Amino acid sequence: MIRPSALVCLYVFMFLQGQVSLQKTDITFAINRQEEYFFSDNLKANWFGAFQHCRTLDKHLVSIRNDEERRAVINFLDSTGYTKANKEFKLWISGNDLAEEGMFYWASTGERLTYQNWRSEEPNDYAHDRCTGEDCVILEYIDGAGRNYDYTFDDRPCIRQFPFICESIP
Ligand SMILES: [Ca+2]
Ligand SMILES: [Ca+2]
C-alpha cells in the first residue's frame, strides 16, 4: 500500500522528469563545441533536462571515471574560458543513485561509479525536505577552497538547475 505522502512525491518526481527548463544566465562566451565535449554557460537545467539536452546533440551527460577523464574535463573547461570567468561553479555530470539509494552509476555508460573523487562527507543524500534527497552528482569547483572543492563530486537534488557538460562516446 502506497502512503498518500509517497504518492505526492511520486507525482512531483514524474512532473519533474518530464520537465525541460533551460534558463538563460549571464553570457560570458558563446556556445563552445569541441570534438569530444559540449558546454554552454548559457544553459542550465535540472539533471533530467541536462541528460535530455545532451541526447538532442547526439551526446551524453559527461562521465568522469578516473583522473585522466577528470583532467580532460578540466582542460576542456579551461579552453572555453569558463574557469577564468567563474571562480566557483557546480556542473551536472551523469553520476546518480536514482535506481537504488547509495549505489551510484554513470547514466552515460551504465558503469558503477568507483572513482573516489568525492568531497569529504559526500555522498550524504542530504534530506532537504520529505520528498527531496540527493540522487544526482555534480562536479564542484571553488577557487582557493582547497582539495575539497577542486573538481570534486557531491550528490545534490536532481531538480536543481545547474549548467552541465556533454560528451561524445565513441
Ligand atoms: Ca541518494
Ligand atoms: Ca550531498
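Here the structure is a predicted model, which means the values were calculated and not measured. Residue numbers here run from 1 along each chain, matching the order of that chain's written sequence. As a convention, the first chain written is A and the first ligand written is 1, with the rest following in written order. Predicted model: local features are reported for residues with pLDDT of at least 70 only, side-chain atom pairs are reported and counted for 80 or more only, and whole-chain, interface and lining totals are derived from all residues.

K.L.:
Can you explain the overall build of the protein chain? Please cite residues and give values.
P.N.:
When you go through the protein chain residue by residue, the secondary structure sums to four helices and eight strands. Start at the N end of the protein chain and walk to the C end: the helices and strands fall as α-β-β-α-β-α-α-β-β-β-β-β. With C-beta atoms placed from the backbone, a contact is any residue pair whose C-beta atoms sit within 7 Å. In the protein chain, 68% of the contacts between residues at least 6 apart in sequence involve partners at least 24 apart. Runs of H or I in DSSP of at least four residues are treated as helices and runs of E of at least two as strands, each being numbered from the N terminus.

K.L.:
Tell me about unusual backbone geometry, and name the residues and values.
P.N.:
Look at the link from Glu122 to Pro123: it is a cis peptide, with omega at 0 degrees. Examined against the element boundaries, Pro123 turns out to sit in the loop between β5 (105-106) and β6 (136-142). For Glu121, which is not glycine, the phi dihedral falls at a positive 75 degrees. Along the polypeptide, Glu121 turns up in the loop between β5 and β6.

K.L.:
Before we move on, can you summarise the environment of His53 with the specific residues and values?
P.N.:
Relative to the helices and strands, His53 is located in helix α2 (residues 47-56). Taking C-alpha positions, His53 is 9.6 Å from Leu43, a pair spaced ten residues apart along the chain.

K.L.:
Which residues make up the nonpolar core, and what values do they have?
P.N.:
One nonpolar core equals one set of buried Ala, Val, Leu, Ile, Met, Phe, Trp, Tyr and Cys residues connected by C-beta atoms within 7 Å. Put plainly, a residue is buried at 20 or more neighbouring C-beta atoms within 10 Å of its own, exposed at 12 or fewer, and partly exposed in between, counting only other residues' C-beta atoms, which are placed from the backbone. Leu61, Trp92, Ile93, Phe164 and Ile165 are the most contacted members of the largest nonpolar core, which totals 35 residues. Among the elements of the structure, β2 (37-39), α2, α3 (67-80), β4 (88-96), β6 and β8 (165-167) are those that each provide at least two residues to this core. It is α2 that provides the largest number of residues to this core, a total of five residues. The contact partners of Trp92, leaving out residues within four places of it in the chain, are Trp47, Ala50, Leu61, Cys136, Ile138, Phe162 and Phe164.

K.L.:
Before we move on, could you go through the environment of Arg156 and cite the residues and values that matter?
P.N.:
Within the fold, Arg156 resides in strand β7 (residues 150-156). In this structure Arg156 comes out as buried when scored by C-beta crowding, with 22 C-beta atoms within 10 Å. Taking the C-alpha atoms as reference points, Arg156 and Asn96, 60 residues apart in sequence, are found 9.4 Å from one another.

K.L.:
Describe the sheet that holds β4, with residues and values.
P.N.:
Strands pair, by our definition, only if DSSP identifies at least two bridges between them. Sheet architecture is open: four strands sit in the order β5-β4-β6-β7, paired in antiparallel fashion. The open sheet has two edge strands, β5 and β7, and neither has a second partner. Here β4 runs beside β6; their pairing, made up of six bridges, is antiparallel. Among the inter-strand pairings, Lys90 is bridged to a residue of β6, identified as Glu140.

K.L.:
Describe α3, listing the residues and the values that go with them.
P.N.:
Each turn of an α-helix holds 3.6 residues, which means side chains three or four residues apart point in the same direction. In this scheme, a helix's expected span is set at 1.5 Å multiplied by one less than its residue total. Between its first and last C-alpha atoms α3 spans 20 Å; for 14 residues at 1.5 Å apiece the expected length is 20 Å, and the two agree. What α3 keeps buried is the set Val73, Phe76, Leu77 and Thr80. Seen end-on, α3 carries its buried residues on one side only, within an arc spanning 95 degrees. Those residues of α3 that are exposed and aimed more than 90 degrees away from the buried face are Asp67, Glu68, Arg71, Asn75 and Asp78. Taken from the residues just after α3, Gly81 is the one with a positive phi, measuring 90 degrees. Here, the arc refers to the directions that run from the helix axis to the C-beta atoms.

K.L.:
With reference to specific residues and values, describe the pairing of β6.
P.N.:
Within β6, six of the seven residues are buried, leaving the element largely enclosed by the surrounding structure. Strand direction decides the pairing type here: β6 and β7, joined by six bridges, are antiparallel. Counted as the bridge partner of Glu140 is Thr152 from β7.

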